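Architecture at a glance
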Amino acid sequence: MAASHSVSLAHLPGLFHANLRQQPKHKSSVSYQTDAEILTAIEANELDLGILCPSTRLPRTLAVTHRFNDAFTLIAPFELATQYQSTAGSAVNSWLAKQTWLLFAEETNTGKRLRKWMAASHLKVEPSVQLDNSYLIITIGMGVSFVPIRALALYGRKKRLVRLPMQSRFERDLVVLTRKRRKQPEHLREFVENVLF
């Protein structure tokens, strides 16, 4: 099994908790890979399943066996929070455009979807740093960013970061992918059924 770099480490307990209890004898090997590497490995029969934010068009040889919603929040260092909160209405996007931004890399599926949502929200920013996962964004913590809400649960550093309210929220789908088969192997079917999201 592989999880995409864009999938927060905080998602992993929800993927494994019930499986470890209900299938204690089943062994899993887990890796962290790019979306493209996961798709290639599943198609080549090197992986049983992958968890990622899908592109708009998936190869016909793959099947989505589970889908769940992943909501994001806007975060910033504590010292910027009061500036943001004192900025009213239409000036918010202008203020945000002047900040240092850490964003998911543009070539990732999450990065593409996030930029499309930001454009629709009239939020035009130039990222100072592009990264492929929320762990790095939160750890660096020296700019404004969108990260999965769930990702904040694991990091003590989050106390230095503040969630900033927005009128609308960016959300992405995460999916569990496998190869298309007439019948999924029992251990894969049970794994997917036990996902807590």
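Everything quoted here is computed from the prediction, not taken from an experiment. (Residues numbered from 1 in each chain as written. Predicted model: local features only at pLDDT ≥ 70, side-chain atom pairs only at ≥ 80, totals over all residues. Heavy atoms only, no water.)

Turning to the overall build of the protein, a few remarks are in order. When you go through the protein residue by residue, the secondary structure sums to seven helices and nine strands. In terms of overall size, the protein behaves like a compact globule, its C-alpha atoms giving a radius of gyration of 18 Å where 197 residues would be expected to give roughly 16 Å. Principal-axis analysis of the C-alpha atoms places the extent of the protein at approximately 55 × 35 × 25 Å. For the protein, with 197 residues in total, the buried portion stands at 50%. Residue pairs at least 24 apart in sequence account for 79% of intrachain contacts in the protein once pairs closer than 6 positions are excluded. Just so you have it, the protein exposes about 10700 Å², and 52% of that area is on carbon and sulfur atoms. Taking the average place of the 26 positive charges on the side chains of the protein and the average place of its 16 negative ones, the gap between the two points comes to 5 Å. (Helix = DSSP H or I, 4+ residues; strand = E, 2+ residues; numbered from the N terminus. Rg over C-alpha atoms; globule rule 2.2 N^0.38 Å. Buried < 20%, exposed > 50% of the residue type's maximum accessible area, 1.4 Å probe, protein only. Contact = heavy atoms within 4.5 Å. Areas by Shrake-Rupley, 256 points an atom, 1.4 Å probe, with all protein chains shown as cover. Lys, Arg positive; Asp, Glu negative; His and termini not counted. Charge placed at Lys NZ, Arg CZ, Asp CG, Glu CD.)

Residue alternation in strand S3 (residues 49-52) divides its side chains into two sets, Leu49 and Ile51 and Gly50 and Leu52, and both sets are buried. In the sheet, strand S1 (residues 2-4) pairs with S3 via two bridges, with the strands oriented parallel. For alanine 3, the partnering residue across the bridge sits in S3 and is isoleucine 51. (Pairing = 2+ DSSP bridges.)

When you line up the elements, threonine 87 lands in the loop between helix H3 (78-85) and helix H4 (91-97). Apart from residues lying up to four places away in sequence, threonine 87 is in contact with Val92 and Trp95. Within polar-contact distance, the side chain of threonine 87 engages the backbone oxygen of glutamine 83 at 2.7 Å. (Polar contact = N/O pair within 3.5 Å; in protein donor to acceptor, adjacent residues only side chain to side chain.)

Let us now look at the pattern of salt bridges. Applying the stated criterion across every chain yields a total of three salt bridges. A salt bridge links arginine 179 to aspartate 48; the shortest N-O distance between them is 3.9 Å. Of this pair, arginine 179 sits in strand S9 (residues 171-179) while aspartate 48 sits in the loop between helix H2 (35-43) and S3, and the two are 131 residues apart along the sequence. Given the relative accessible area of 34%, aspartate 48 is considered partly exposed. Taking the shortest distance from any N to any O, the salt bridge between arginine 172 and aspartate 70 comes out at 2.8 Å. Linking arginine 172 in strand S9 with aspartate 70 in strand S4 (residues 62-77), this pair joins segments that are 102 residues apart in sequence. We classify aspartate 70 as buried; its relative accessible area is 3%. (Salt bridge = Lys/Arg side-chain N within 4 Å of Asp/Glu carboxyl O.)

Let us now look at the packing of aromatic side chains. Applying the stated criterion across every chain yields a total of six aromatic pairs. Relative to phenylalanine 146, the ring of tryptophan 101 lies with its centre 5.7 Å away and its plane at 35°, an arrangement referred to as tilted. Highlighted residues: tryptophan 101 in the loop between H4 and strand S5 (102-104) and phenylalanine 146 in strand S7 (residues 145-148), separated in sequence by 45 residues. Of the two residues, tryptophan 101 and phenylalanine 146, neither departs from the other in class, the shared state being buried. Every member of this aromatic cluster is reached through a ring pair, and the members are Phe72, Trp101, Phe104, Trp117, Phe146 and Phe170. (Phe/Tyr/Trp six-rings, centres within 6.5 Å; stacked < 30°, edge-to-face > 60°.)

Right, let's get into unusual backbone geometry. Despite not being glycine, asparagine 45 has its phi angle at roughly 65°, a positive value. Along the polypeptide, asparagine 45 turns up in the loop between H2 and S3. One non-glycine residue with positive phi stands out, namely histidine 122, at about 60°. Within the secondary structure layout, histidine 122 lies in the loop between helix H5 (109-120) and strand S6 (129-131). Of the residues examined, histidine 122 reaches a relative accessible area of 62% and is grouped as exposed.

It is worth spelling out the nonpolar core at this point. Residues Leu74, Leu96, Trp101, Met118, Ile138 and Phe146 are the most contacted members of the largest nonpolar core, which totals 32 residues. Contributions of two or more residues to this core are made by S4, H3, H4, S5, H5, helix H6 (134-140), S7 and strand S8 (161-164). Contact partners of phenylalanine 146, with chain neighbours within four places excluded, come to Phe72, Thr73, Leu74, Trp101, Phe104, Leu114, Trp117, Met118, Leu123 and Met166. Judged by nonpolar contacts, the second largest core, of 16 residues, contains Ile51, Phe68, Leu174 and Val192. (Core = buried A, V, L, I, M, F, W, Y, C linked by side-chain atoms within 4.5 Å.)

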